[in-house]
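Architecture at a glance
So you can see what is in the structure, the chains are spelled out below.
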Amino acid sequence: MSDRYDVLIVGAGHGGAQAAIALRQNKFTGSIAIVGDEPELPYERPPLSKDYLAGDKTFERILIRPPAFWGERDVAMLTSRRVVAVEPQAHRVTTDDGTTIGYTYLIWATGGAPRRLTCAGHDLVGVHTVRTRADADRMRAEMAGVTHAVVIGGGYIGLEAAAVLAKFGKKVTVLEALDRVLARVAGEPLSRFYEAEHRAHGVDVRLNARVDCIVEQDGRAVGVRLADGEVLPAQMVIVGIGIIPAVQPLIAAGAEGGNGVAVDAQCRTSLPDIFAIGDCALHANRFAAGAQIRLESVQNANDQATTVARAITGNPVDYDAVPWFWSNQYDLRLQTVGLSIGFDEAIVRGDPATRSFSVVYLKDGRVLALDCVNATKDYVQGRALVLEGARPDPARLADPAIPLKQVLEPA
Ligand code: FAD
């Protein structure tokens, strides 16, 4: 095995895999290796809280590429190895087995580690986070012995896991610390819709909930105690309260950043020949009015990977992709385009009672984003409105009989 590569990619997830794919697509002929701390070849993470958790998809079906692909593209896969230190001047990294690997370019694509609870019992058997295949497999292995489950955190991952557990007939409680679910990512109409849907499926959604501790018996979680003393029985506790970007070795090496590693428009960090992409990359995003943000989505990881491949192969282009995202819960497919950060008006298009509607987010009359529930046409046609920052007549926007592609036409 070579101990020096022209491009060394750290992290074998969505961004890391796509970076290697895009380099070869851009005719890069140098050597490429991906170092990843998981034992698997790159796989899709979204199914971990959806159809993989539900057992509807096998692991082979969620691989990003078939195993033979990487050899065919001459991409070395260094699995089960964690990069623990970076030496930017020497252009080399050290892995947890003490090996050093040199590089000409380094692409940091490490995602993040799930944020954990800090209360008593947070590390008991039966307390889960959902980030890796191993996490999902542990949950699946315990599923049969679970009658009651508590999900801590009413974000997308928590709600998706709750939907899977409810489908399996478990008695599920969702504990959300804020006064509505999805509060950080969506407007109130969408939050209220999803709360009602989960309740209609038998899920007990508790808002403004405060967790005191996880209750233990014989070394296992058996419940969750709330701050008011109530104990919710639970053989399974799922914690979905966000991630901490995995950037410590880069920051220790002197990279600018903190909550993520700061990158420029072509995903270059402040360190020479080191790029960062995906969940861990703190970047100025036009769709967030130029604010420095991290985006946790497959779209962002893939598009930033392609941006870096183009920079390395001498065909640079600034990262300027429209953000998009999806979430599946029950028979509801949510598709989001744009970022609703800072919106001052949310227009509901269609009747949520029909379970097919959209929420259009505006700021100063301009379309920022859309959340489309079982409304793919709105999602597809709304994209142009987000891209242009269009200013449609709100009355026309609110009328589902007018297709979004015609919403800018005179009445
Ligand atoms: P990752 O895909 O997380 O890959 C990072 C890899 O780097 C991991 O394998 C990690 O273990 C490894 N690593 C970390 N540190 C080191 C190190 N020091 N050395 C070596 N390896 C290291 N997005 C959507 O758009 N739609 C969805 O529906 C959706 N659902 C999701 C559901 C779940 C359960 C999860 C967890 C995420 C979901 N996401 C979804 C988010 C999406 O999966 C992420 O945005 C995407 O995976 C980010 O890609 P990445 O390459 O930045 O990080």
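Residues numbered from 1 in each chain as written. Predicted model: local features only at pLDDT ≥ 70, side-chain atom pairs only at ≥ 80, totals over all residues. Heavy atoms only, no water.

**As for the nonpolar core**
In terms of nonpolar packing, the biggest core is built from 42 residues, with Leu 165, Leu 182, Leu 190, Tyr 194, Met 236, Ile 238 and Val 373 touching the most fellow members. The element contributing the most residues to this core is helix α5 (residues 156-167), with seven residues. Setting aside anything within four residues of it in sequence, one finds Leu 165 in contact with Met 143, Ala 149, Val 151, Lys 170, Val 172, Met 236 and Ile 238. Counting residues in each nonpolar core, the second largest holds 26 residues, with Ile 9, Phe 28, Trp 70 and Ala 305 among its members. (Core = buried A, V, L, I, M, F, W, Y, C linked by side-chain atoms within 4.5 Å. Buried < 20%, exposed > 50% of the residue type's maximum accessible area, 1.4 Å probe, protein only. Helix = DSSP H or I, 4+ residues; strand = E, 2+ residues; numbered from the N terminus. Contact = heavy atoms within 4.5 Å.)

**A word on the pairing of strand β13 (residues 220-226)**
Each regular strand carries side chains that alternate between the two faces of the sheet. Sheet analysis places strand β12 (residues 211-217) next to β13, joined by six bridges and oriented antiparallel. Looking at the pairing, Cys 213 lines up with Arg 225 of β13. As consecutive antiparallel partners, β12 and β13 are separated by two residues, and within that stretch Asp 218 has a phi angle of approximately 50 degrees, a positive value. Pairing analysis gives three bridges linking β13 to strand β14 (residues 231-233), with the strands arranged antiparallel. From the neighbouring strand, Val 224 faces β14, where its bridge partner is Leu 232. Where β13 folds back onto β14 in an antiparallel hairpin, the turn is made up of four residues, including Gly 229, whose phi is positive at roughly 100 degrees. (Pairing = 2+ DSSP bridges.)

**Quick word on the environment of Ile 243**
Counting through the fold element by element, Ile 243 comes out in strand β16 (residues 243-245). Relative accessible area serves as the criterion here: at 9%, Ile 243 is assigned to the buried category. Counting along the chain gives 19 residues from Ile 243 to Ala 262, while the straight-line C-alpha distance between them is 17 Å. The contacts of Ile 243, once residues within four sequence positions are left out, are Gly 112, Ala 113, Pro 114, Arg 115, Arg 131, Asp 279, Arg 294 and Glu 296.

**So, the packing of aromatic side chains**
Each aromatic ring pair is specified by the distance between its two centres and by the angle formed by the two planes. Considering all chains together, one arrives at ten aromatic pairs under this definition. Judged by centre distance (6.4 Å) and plane angle (70 degrees), the rings of Tyr 52 and Phe 59 are edge-to-face. Considered together, Tyr 52 and Phe 59 belong to a single accessibility category, that of buried residues. Taken together, a centroid distance of 4.7 Å and an interplanar angle of 70 degrees make the contact between Phe 193 and Phe 357 edge-to-face. Linking Phe 193 in helix α6 (residues 188-200) with Phe 357 in strand β25 (residues 357-363), this pair joins segments that are 164 residues apart in sequence. Classification of Phe 357 as buried rests on a relative accessible area of 2%. Joined through ring pairs, the aromatic side chains of Tyr 156, Trp 324, Phe 325 and Trp 326 make up one cluster. For Arg 65, the ring lying beneath its charged end belongs to Phe 69, and the centroid distance is 5.3 Å. For the cation-ring pair, Arg 133 lies above Phe 59, with the distance from its terminal atom to the ring centre recorded as 3.8 Å. (Phe/Tyr/Trp six-rings, centres within 6.5 Å; stacked < 30°, edge-to-face > 60°. Lys NZ or Arg CZ within 6 Å of the ring centre and 35° of its normal.)

**As for the site of the ligand**
The local shell around the ligand holds 31 residues, among which Asp 37, Glu 38, Lys 50, Arg 131 and Asp 279 are the closest. Take Asp 37: an N or O atom from its side chain is 2.5 Å from an oxygen atom of the ligand. Separating an oxygen atom of the ligand from a side-chain N or O atom of Asp 279 is a distance of 2.6 Å. Surface burial for the ligand is 96%, taken as the share of its 990 Å² of free accessible area covered by protein chains. Class assignment of the residues belonging to the shell around the ligand gives a composition of twelve nonpolar, ten polar and nine charged. (Near = heavy atom within 4 Å. Polar contact = N/O pair within 3.5 Å; in protein donor to acceptor, adjacent residues only side chain to side chain. Areas by Shrake-Rupley, 256 points an atom, 1.4 Å probe, with all protein chains shown as cover. Nonpolar A, V, L, I, M, F, W, Y, C, P; charged D, E, K, R; others polar.)

**Observations regarding the confidence of the model for the protein**
Parts of the prediction with low pLDDT should not have their coordinates interpreted in detail. On average, residues of the protein score 97 in pLDDT, and 100% of them are at 70 or above. Ranking the elements of the protein by mean pLDDT puts strand β17 (residues 257-258) last with 94 and strand β19 (residues 274-276) first with 99. (pLDDT = per-residue confidence, 0-100.)

**Regarding the sheet that holds β12**
The antiparallel open sheet is built from three strands, whose spatial order is β12-β13-β14. The sheet is open, and its two borders are formed by β12 and β14, each paired with just one other strand. This sheet shows a mean twist of 30 degrees between the axes of neighbouring strands, independent of strand direction. (Axes fitted to C-alpha atoms, helices over the stretch in contact; angles between N-to-C directions.)

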